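Per-entry structural report
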Amino acid sequence: MSAKDGEKDPSFVCVHCGAPCTALFRKLSASSIKATTCVNERCQQVVDPYIEREWLLVAIDWILLRPEAYRHVLFNAKKEFPMLESVSWGRALQLTIASCFLHAYLQYEAAKRNSETDATIQEGGGRKTSMILLIVASILDLMIRWWGVSLFVAASSKSRQAQKVKIITTRLFWSFLLPTAFHVTSIFVLIWENSKTTGALGSLLVTGWQCLAVSLVADDVAPGYGKVTAAVGLALGILWRLVFSQIAAVPCLGFEVDLFFPLSEQNKSWPSICLT
Ligand SMILES: [Zn+2]
């Protein structure tokens, strides 16, 4: 930590209530600091106790869906994670492709498990084409939700400053991307047990973390719109998967629910909606 962490930056927040603050701590001497207390009368707690905790503890609280850990990572951890507010398009693309490759691999395994005779998943050349299709589908899935939610937050927010909009959009990007790191764990679990339940649970966890992160970022700029924004992101994902699964037979990685009406008189098959 350094004194620069919070002395002149007005964009830190109290991890408990989300109230803005200008500093996370005050430097008393060369070797001692004093943690800042929240100015919100109903809160008055230390604004960010995580600045003195190990990253493992932050990660555990993130997994346990504690909003305090999310606010620490997305708003206050600027020194440890400078890309939070400014990430280049090149780096964002690299990370998106890496994340979506993991997601596509999980989908590939799901498709292989679901049907041995699935025409889109074959050995040799068919397998390669199919993986590319799944990677493209995963990238579009992420992009549609991110852009859709960013537009919704920009419309809900009163702030029209270009710099502020850029920071919010970047935070939303990380809100969607960071939880997908869990796909690595899902792949290891898949080696141990390649079942529909493990795939669905992993997908549900990632979606839950994304929803909480998106809702906290949205609430910061458009108070009261957090849960609605998370629901918009969820709905966009469901709609996109419904459309794309009809076009390219991309399998659902998470929870799937059958719709109870036929698409047309000729096509009596009932489409499924992919919830997560
Ligand atoms: Zn507070």
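Taking an unreviewed UniProt entry as the reference, the protein is identified by name as Protein ARV belonging to Nitzschia inconspicua. Taken verbatim from the UniProt record of the protein, the Sequence similarities (unreviewed entry) comment is "Belongs to the ARV1 family." Turning to the protein, the UniProt annotation filed under Subcellular location (unreviewed entry) states: "Endoplasmic reticulum membrane".

This part takes up the overall build of the protein. Helices and strands together make up the secondary structure of the protein, namely 8 helices and 6 strands. When its helices and strands are written in sequence order, the protein yields β-β-β-β-α-α-α-α-α-α-α-α-β-β. Relative to its full complement of 276 residues, the protein shows a buried share of 32%. Relative to all contacts within the protein whose residues are 6 or more apart in sequence, the contacts with residues 24 or more apart total 58%.

Let us now look at the UniProt feature "transmembrane region" (unreviewed entry) in the protein. Under the present numbering, the feature "transmembrane region" (unreviewed entry) in UniProt falls on residues 131-153, 173-192, 199-218 and 224-244. Helix makes up 100% of residues 199-218 and strand makes up 0%, while its end C-alpha atoms are separated by 28 Å.

Our focus in this paragraph is the packing of helix H2 (residues 67-76) against helix H7 (residues 196-221). Where H2 meets H7, the axes come as close as 10 Å, and the angle between the chain directions of the two elements is 65°. Judged by the inter-axis angle, H2 sits roughly perpendicular to H7. Here H2 runs over H7; the crossing is right-handed. Contact residues: Pro-67, Tyr-70, Arg-71 and Leu-74 in H2; Leu-212, Ala-213, Leu-216 and Val-217 in H7. Counted by class, the contact of H2 with H7 contains 7 nonpolar, no polar and 1 charged residues.

With that out of the way, let us pick up H2. With 8 of its 10 residues buried, H2 lies for the most part within the structure. Within H2, the full set of buried residues consists of Ala-69, Tyr-70, Arg-71, His-72, Val-73, Leu-74, Phe-75 and Asn-76. Along its buried surface, H2 packs onto strand S1 (12-13), helix H1 (55-63), helix H5 (162-177) and H7.

The next thing to look at is unusual backbone geometry. When glycine is set aside, most residues are seen to have a negative phi, and most peptide bonds are trans. In the Ramachandran plot, Gln-44 falls in the positive-phi region, its phi being about 55° despite a non-glycine side chain. On the basis of neighbour count, Gln-44 is assigned to the exposed category, with 12 C-beta atoms found within 10 Å. One non-glycine residue with positive phi stands out, namely Leu-65, at about 60°. Mapped onto the elements, Leu-65 comes out in the loop between H1 and H2. Accessibility expressed as a C-beta count within 10 Å gives 14 for Leu-65, which makes it partly exposed.

Quick look at the packing of H7 against helix H8 (residues 226-248) now. Packing of H7 against H8 brings their axes to within 7 Å, and their N-to-C directions diverge by 135°. Our classification of the angle between H7 and H8 gives oblique. At the point where H7 passes H8, the crossing takes the right-handed sense. Packed against H7, whose contacting residues are Cys-211, Val-214, Ser-215, Leu-216, Ala-218 and Asp-219, the element H8 presents Gly-226, Lys-227, Thr-229, Ala-230, Gly-233 and Leu-234 at the interface. Of the residues belonging to the contact of H7 with H8, the class tally is 6 nonpolar, 4 polar and 2 charged.

Calculation rules
Residues numbered from 1 in each chain as written. Predicted model: local features only at pLDDT ≥ 70, side-chain atom pairs only at ≥ 80, totals over all residues. UniProt positions renumbered as here; feature names shortened; annotations may be inferred. Helix = DSSP H or I, 4+ residues; strand = E, 2+ residues; numbered from the N terminus. Buried ≥ 20, exposed ≤ 12 C-beta atoms within 10 Å, placed from the backbone. Contact = placed C-beta atoms within 7 Å. Axes fitted to C-alpha atoms, helices over the stretch in contact; angles between N-to-C directions. Parallel < 35°, antiparallel > 145°, perpendicular 65-115°, else oblique. Left-handed = near helix turned anticlockwise from the far one by under 90°. Nonpolar A, V, L, I, M, F, W, Y, C, P; charged D, E, K, R; others polar.

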